[in-house]
Amino acid sequence: MDVDDPLVKAAESVQALITPSAVGVETTFAALGRTVETVHADCRTISETLEALGDALSLVSQGAGAGQEWGGFGLISLPIVGAIRAVKAAASQYVNQQTGIPLKTWTELVTSSSSQFDGYISQLDIVAELSLQYHDRTHGAVDPERARQDVATLLHVLWETQAWKQILGGVAQLGKVVEAILQIELGGDALGAEMGSPSGSAGIAGSLQKRLKEVQSRTVERSGDLREWVLQPFVELRDRVKQLPGQTEHLAHEVALLEVMLELEIAELQALFGEISRTEARVVGMRAAASVILPELADRLGDARHRVSVYEAYLDRLTRANQSGQVGDRTYSVLAEEYHEALRDSRSRLSSLEAQAERWRHDGATVLDACDTWTTLQLDLLAARRLAEQAEVAGDRLELLHRERERLAEARTILSVL
């Protein structure tokens, strides 16, 4: 990683904030775990929609094979089979006209995407479990060999993430398919034509043929009901698929942050054991400080302040209740001792966090400026490559740099109110 001298000098002035450490690794894992929770929840919501849409499309896409599916129900199944075939014919036409892509291709996309979402959720579970393991470890007790295995695991998840996210664009378009299908207008003639093909009655005895015609007649009369029955799953899914563009956009934004976190955690572990250069380690340290350590500090500081205020309020109310005679002296003594002990612990933790916050107030702007310089340099390098090579290069890298710059802007806001 190439970094100019001014950037390195800026980083050197705040070594206490940016030096990679086991504590920093654990802090990044904590932030990574929460990011995974957000992505996991969003993935699960979209996955449930894909699964329901896949079930609806599988019924419509049965086509000629629908007879086998319903064959065990005898003649009573004929109206259903006819409705499915008629809806499929119309749906195929409408979908192809309005999207330019065959219904079969969309159905395969939904099936494939649903499977890929399930697979990716299992990858997120791996990272969540790894984050919990680091949370349970003692500060400083990071085993080098285990850490190298964890780096390999995180690299695999990072690669899986980069490949998996490519499906989000297609998933966002699925609302068009449902809207096209719901525009179907099937009258009795269309449904009767599907039911009345020669193959459906050839060779059938007179009485049986008469019964078949009666079923066909009732089918024509009730074609609207049958059409609604076949299309009902799409009606129920309409509002859900309309949300897919917004859901996938939000998910893509969170996944970009997840990629940044994964990249930082991998680099922090490598820096901790000297597997990257000192210059790279400095850059990783300051990026982690801005994107992870500072936001985490702000959250913990807020929690500590709240905890102190809670126990102060408990003691105040308990004291007033004792003075008014609502709480006896013995009860007061026991409970007050418990609250005082919790308050001492809370104030001690708050004092430690306030010391860290004071260091950030003094030197934090230098760290954020250095990060901004590094990010600008990386973006300039990508722009220069496009000019020199006359091609789009590292599109994913560009996306992640912009996401990290957003995170940097959030860090500046945090620092201003720390």
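For the structure itself, consult the block above.
Predicted model, so just to flag it, every value in this text is computed and none were measured.

A. Region of interest: the packing of helix α14 (residues 278-323) against helix α16 (residues 395-416). Viewed as axis vectors pointing N to C, α14 and α16 meet at an angle of 45 degrees, and their least axial separation amounts to 9 Å. Overall, the two elements α14 and α16 adopt an arrangement that is oblique. Crossing of α14 against α16: the hand is left-handed. Contacts between α14 and α16 involve R287, A290, S291, L294, P295 and A298 from the first element and E404, R407, L408, A411, I414 and L415 from the second.

B. Representation of the environment of L350. Here L350 shows up in helix α15 (residues 329-389). Overall, the relative accessible area of 15% leaves L350 in the buried class. The sequence separation of L350 and R307 amounts to 43 residues, and the corresponding C-alpha distance is 9.1 Å. Ignoring sequence-local partners within four residues, the contact set of L350 consists of L301, A304, R305 and V308.

C. Highlighting the layout of surface pockets. If you add up the space inside the largest pocket, you get close to 840 Å³. Put simply, the parts of the chain that give the lining of the largest pocket at least two residues each are α2 (15-18), α3 (22-60), α6 (103-136), α14 and α15. For the lining of the largest pocket, the leading source of residues is α3, giving nine residues. Taken together, the residues that form the lining of the largest pocket break down as 16 nonpolar, 11 polar and nine charged.

D. Inspection of the pattern of salt bridges at higher detail. Scanning the model with the defined rule gives 21 salt bridges in all. With a shortest N-O distance of 2.9 Å, R238 and E179 are connected by a salt bridge. Note that R238 is positioned in helix α12 (residues 223-242) and E179 in helix α9 (residues 174-181), a separation of 59 residues in sequence. Residue class for E179 comes out partly exposed when judged on its relative accessible area of 23%. Between R407 and E410 there is a salt bridge whose closest N-O contact spans 3.8 Å. Of this pair, R407 and E410 are both found in helix α16, three residues apart, which corresponds to roughly one turn of the helix.

Procedures and definitions
- Residues numbered from 1 in each chain as written.
- Predicted model: local features only at pLDDT ≥ 70, side-chain atom pairs only at ≥ 80, totals over all residues.
- Heavy atoms only, no water.
- Axes fitted to C-alpha atoms, helices over the stretch in contact; angles between N-to-C directions.
- Helix = DSSP H or I, 4+ residues; strand = E, 2+ residues; numbered from the N terminus.
- Parallel < 35°, antiparallel > 145°, perpendicular 65-115°, else oblique.
- Left-handed = near helix turned anticlockwise from the far one by under 90°.
- Contact = heavy atoms within 4.5 Å.
- Buried < 20%, exposed > 50% of the residue type's maximum accessible area, 1.4 Å probe, protein only.
- 1 Å grid on protein atoms, 1.4 Å probe; cavity = no way out; pocket = protein on both sides within 12 Å on 5 of 7 lines; lining within 4 Å.
- Points joined across faces, edges and corners; volume = space filled by probe spheres on them.
- Nonpolar A, V, L, I, M, F, W, Y, C, P; charged D, E, K, R; others polar.
- Salt bridge = Lys/Arg side-chain N within 4 Å of Asp/Glu carboxyl O.

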